[in-house]
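Inside the fold
This is what each chain is made of:
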Amino acid sequence: MSRFQRIVVVGGSLAGMNVIQELRRLGYAGGLTLVGEEDVQSPYDRTELSKKLLTGTIDPDDLYLLTTEEIDELDLDLRLGRRATSLSLDPSRHTLTLDDATILEFDALVVATGSRARRPAFMGGLAGVHVLRTLPDALALRAELDSARNIVVVGAGFIGAEVAASVRSRGQSVTLVDPQPTPLGTVLGPIVGSHFADLHTRHGTDLELGVGVQELVGDGRVSGVRLTDGRLLPADLVVVGVGGAPVTEWLDGSGVEVDNGVLCDDGGHTNVPGIYAVGDAARWYSDYYGTQVRSEHWNNATLQATVVAENIVAAAKKSTLCAVPSFWSDQYRKRTQMVGCPRPTDEVCFVSGGPGEERFVALYGRDDRVTGVISFNSPRGLIKYQHLVAEGASWSASTALPDNIIPTDTRY
Ligand SMILES: Cc1cc2nc3c(=O)[nH]c(=O)nc-3n(C[C@H](O)[C@H](O)[C@H](O)COP(=O)(O)OP(=O)(O)OC[C@H]3O[C@@H](n4cnc5c(N)ncnc54)[C@H](O)[C@@H]3O)c2cc1C
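Below or above, wherever it landed, is the structure these notes cover. (Residues numbered from 1 in each chain as written. Predicted model: local features only at pLDDT ≥ 70, side-chain atom pairs only at ≥ 80, totals over all residues. Heavy atoms only, no water.)

Digging into the overall build of the protein
What the protein contains, in helices and strands, is 10 helices and 27 strands. Taking 2.2 N^0.38 as the reference for a compact globule, 412 residues should give roughly 22 Å; the C-alpha atoms of the protein span a radius of gyration of 22 Å, in line with that estimate. In terms of overall dimensions, the protein has C-alpha extents of about 60 × 60 × 40 Å along its principal axes. Expressed as a percentage of the 412 residues in the protein, the buried residues total 53%. Partitioning the intrachain contacts of the protein with sequence separation of at least 6 by distance along the chain shows that 60% fall at a separation of at least 24. Where the 37 positive side-chain charges of the protein centre and where its 52 negative ones centre are 2 Å apart. (Helix = DSSP H or I, 4+ residues; strand = E, 2+ residues; numbered from the N terminus. Rg over C-alpha atoms; globule rule 2.2 N^0.38 Å. Buried < 20%, exposed > 50% of the residue type's maximum accessible area, 1.4 Å probe, protein only. Contact = heavy atoms within 4.5 Å. Lys, Arg positive; Asp, Glu negative; His and termini not counted. Charge placed at Lys NZ, Arg CZ, Asp CG, Glu CD.)

So this is what it looks like as structure tokens:
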């Protein structure tokens, strides 16, 4: 049984709620408090905010992670709409002060405060300019999309690419802008990135790649996006998707070490005994990478939550996260799945299908090791090859047909 009797989880979303559920599943019967800044009826899944919620094929009710009955069964002290403020955590006294001045006492505390959308300086204060992180963000964007004519998405990472695909699926025109030469290029590299450039073009998305944003123009409301090459794109709605930043300022002064996320070992322990961190806000040591990494993906948040719950409940045994990283993205009703974490400069070998085709599976490799496998519209293909990543299989043996290998500097 756990040495802790009062556990506080800060952050009422995917990672925080999974810690709570896992603790109860493991038989933890002590006090559990969940503090969450968002005033929602239940923690919700963000992954559909850029997909089906935007296209209007699902409603907010479909996003909730738990029903009211399921929350009741967890026997929780649930404090949604409340936040941990700066200088609120005092590890020596084992107390956390909330924004309504409530003081919570704890034996163990889990940081699960996630990340927020980055807001580059060019965003300014014009109406019609959006980021997408929360349910209210998505609903505000969806409402404005209904009457928008010239939509520009800034940033062709996963969220930007998904938003562009959703806008096209709604039958509206959209321009996707990014300084990189391909969408998703910083993660997937130029070859697979070119496939996504093709995909977006085939579906009618206008691409402005290799060019950045100088400024947004408008009088009260945005009317255009000035590119770094001087051109002006007309725009009455702009979505900025340029990455996320961990929400950790509230820990300043607490003694918990933070450096682009809360620094943790491979079991979610911070430098302060009894304080753990999970999900987008955390940067865990990873044996797989040989360093500390922060991952902003759904699978990572849920896996870390399980490990931390195990470590809280079992005093002696130390659980660690040994899973290979993985994520998915949906664009134009096609699912892309990645296992591993290749560098964009790694070699690429298509083992089934090819770029531009309806479906493919490709391996990434470096230093004669398979570093990743990506599947496009081919979940079975992913299952077939993903073990190569976990095993760190030999690249030359796994890609025995040399014709398959496309050097990374080749464009097609
Ligand atoms: C639009 C979108 C689409 C996505 N699609 C995918 C996808 O297809 N595949 C994939 O793998 N991943 C996807 N993700 C990423 C995935 O949703 C995140 O990795 C996941 O939400 C992380 O969960 P989390 O609980 O760590 O953080 P979050 O979900 O960010 O939750 C943190 C919570 O903590 C709260 N909080 C913050 N500060 C405080 C405070 N001081 N006090 C109290 N509460 C606080 C926040 O309000 C928030 O509710 C997507 C994310 C977004 C935004």
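Focus: a negative patch on the surface
Residues Glu 69, Glu 70, Asp 72 and Glu 73 make up a contiguous surface patch of negative charge. Counting through the fold element by element, Glu 69 comes out in helix H3 (residues 68-73). (Patch = residues over 30% accessible without salt bridge, like charges linked within 9 Å, V, L, I, M, F, W, Y side chains within 5 Å. Areas by Shrake-Rupley, 256 points an atom, 1.4 Å probe, with all protein chains shown as cover. Salt bridge = Lys/Arg side-chain N within 4 Å of Asp/Glu carboxyl O.)

Some points on the pairing of strand E14 (residues 221-227)
Regular strands have side chains that alternate between both faces of the sheet. Pairing between strand E13 (residues 213-219) and E14: 6 bridges, direction antiparallel. From the neighbouring strand, Gly 218 faces E14, where its bridge partner is Val 222. If you look at the hairpin formed by E13 and E14, you'll find 1 residue sitting between the two strands, and Gly 220 has a positive phi there, around 85°. Two elements, E14 and strand E15 (residues 232-234), share 3 bridges in a ladder whose sense is antiparallel. Paired with Gly 224 across the strands is Pro 234, a residue of E15. Hairpin connection, E14 to E15: the antiparallel pair is bridged by 4 residues, and Gly 230 has positive phi, about 95°. (Pairing = 2+ DSSP bridges.)

As for the site of the ligand
Around the ligand, the structure places 36 residues, and the nearest of them are Glu 38, Arg 46, Lys 51, Arg 133 and Asp 280. Measuring from an oxygen atom of the ligand, one finds a backbone N or O atom of Ala 15 at 2.8 Å. Taken by itself the ligand offers 1,000 Å² of open surface, and the protein chains cover 96% of this. When residues of the shell around the ligand are traced back to their parent elements, those giving at least two are helix H1 (14-25), strand E2 (31-36), helix H5 (158-169), helix H7 (298-313) and strand E22 (326-331). Among the residues making up the shell around the ligand, the classes are represented as 15 nonpolar, 11 polar and 10 charged. Counting residues domain by domain, the shell around the ligand receives three or more from each of domain 1 (6-116 + 245-313) and domain 2 (119-242). (Near = heavy atom within 4 Å. Polar contact = N/O pair within 3.5 Å; in protein donor to acceptor, adjacent residues only side chain to side chain. Nonpolar A, V, L, I, M, F, W, Y, C, P; charged D, E, K, R; others polar. Domains from an automatic or database assignment.)

With respect to the sheet that holds strand E7 (residues 108-111)
Across the sheet, 5 strands lie side by side as E3-E2-E1-E7-E19; this open sheet has parallel pairing. Of all strands in the sheet, those with a lone pairing partner are strand E3 (77-80) and strand E19 (275-277), marking the two edges. Within this sheet the neighbouring strands show an average axis-to-axis angle of 15°, counted without direction. Here 4 bridges tie strand E1 (residues 6-10) to E7, and the two strands are oriented parallel to one another. When the bridges of E7 are listed, Val 9 appears paired with Val 110. (Axes fitted to C-alpha atoms, helices over the stretch in contact; angles between N-to-C directions.)

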